[in-house]
Amino acid sequence: MTAKLSVGVFCGASTGNSPRYLDVGGDLGRLLAERGHRLVYGAGGVGVMGAVARSTAAGGGHILGVIPEFLRAREMTDDLPSQELVLTGDLFDRKRMMIGGADAFIALPGGYGTVDEVVEVLSMAALGLDVGPLVLIDVAGDWDPFLDMVDGLARRGFARRTDLCHVVGGAAEALDLVEALTVAVVPQARRSESEPARAH
Ligand code: AMP
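Residues numbered from 1 in each chain as written. Predicted model: local features only at pLDDT ≥ 70, side-chain atom pairs only at ≥ 80, totals over all residues. Heavy atoms only, no water.

Engineer: Before we go on, may I ask you to explain the packing of aromatic side chains in this structure?
Structural biologist: Geometry of an aromatic ring pair is reported as the spacing of the ring centres plus the angle between the planes. One pass over the structure, following the stated rule, counts two aromatic pairs. Each ring, one from W143 and one from F146, has its centre 5.7 Å from the other, and the planes form 80 degrees; the classification is edge-to-face. (Phe/Tyr/Trp six-rings, centres within 6.5 Å; stacked < 30°, edge-to-face > 60°.)

The following block contains the structure:
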């Protein structure tokens, strides 16, 4: 039996320039719900974030949304899907809660915030902290420049490992991989954010 996971999802608060981004976000949300995993995300109703959350909620999935007070008006929409909501004092607390409350991470394409969150998890993994697996979903070559940067860091002797994140082409593959990488160590019961997961 596959363990029920808390999956931290990082993605754009914008829609991107192609409907494919929203479609993949919708796929991920639907599959999270179908497979019984909890979505942990930034509580936005906008952009790809909103697409993921609406589709998780439509499938009856559980959502933990974490957002700093000052972003409520900007990112939370009137049609925000029903979720367990945590308001934080600032962006740092948001990131801490999201990372501490998830067993694994999936990033869809996004902007500065998404890249910031991906780098945060990656840099923690590089320091040997057991944050959980990190899977990037590529829609249109989105992560190529990022992966080039990672390779460049290693080539120039500033990073030792380039295998700390995995790139896949869609939501089902991302969840298959997350489940495979966490299956050995995550207990059957879903973890709560008060009991941060450290599995992979
Ligand atoms: P973006 O990828 O820029 O569209 O942002 C995705 C999400 O990340 C949005 O909810 C932003 O508010 C959030 N975000 C942006 N910068 C940060 C940060 N430094 N720490 C935590 N979240 C952030």
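From this point on, the discussion continues.
Engineer: Teacher, can you tell me more about a nonpolar patch on the surface here?
Structural biologist: The grouping of F70, L91 and F92 at the surface amounts to a nonpolar patch, some 340 Å² of accessible area in total. Looking at where F70 falls in the secondary structure, it is placed in the loop between β3 (63–68) and α3 (72–75). (Patch = residues over 30% accessible without salt bridge, like charges linked within 9 Å, V, L, I, M, F, W, Y side chains within 5 Å. Areas by Shrake-Rupley, 256 points an atom, 1.4 Å probe, with all protein chains shown as cover. Salt bridge = Lys/Arg side-chain N within 4 Å of Asp/Glu carboxyl O. Helix = DSSP H or I, 4+ residues; strand = E, 2+ residues; numbered from the N terminus.)

Engineer: Just to check I follow, could you spell out the sheet that holds strand β7 (residues 166–168) for this structure?
Structural biologist: The pairing of strands in a sheet comes from backbone hydrogen bonds and takes either a parallel or an antiparallel form. Spatial strand order, β4-β3-β2-β1-β5-β6-β7: seven strands in an open sheet with parallel pairing. Where the open sheet ends on each side, the last strands, each with one partner, are β4 (84–88) and β7. This sheet shows a mean twist of 25 degrees between the axes of neighbouring strands, independent of strand direction. Relative to β7, strand β6 (residues 134–137) runs parallel, the two sharing three bridges. In the sheet register, L136 faces β7, and the bridge partner there is V167. On the sheet, helix α1 (residues 19–34) packs against β1 (6–10), β2 (38–41), β5 (104–107) and β6 and is oriented at approximately 170 degrees with respect to β1. (Pairing = 2+ DSSP bridges. Axes fitted to C-alpha atoms, helices over the stretch in contact; angles between N-to-C directions. Contact = heavy atoms within 4.5 Å.)

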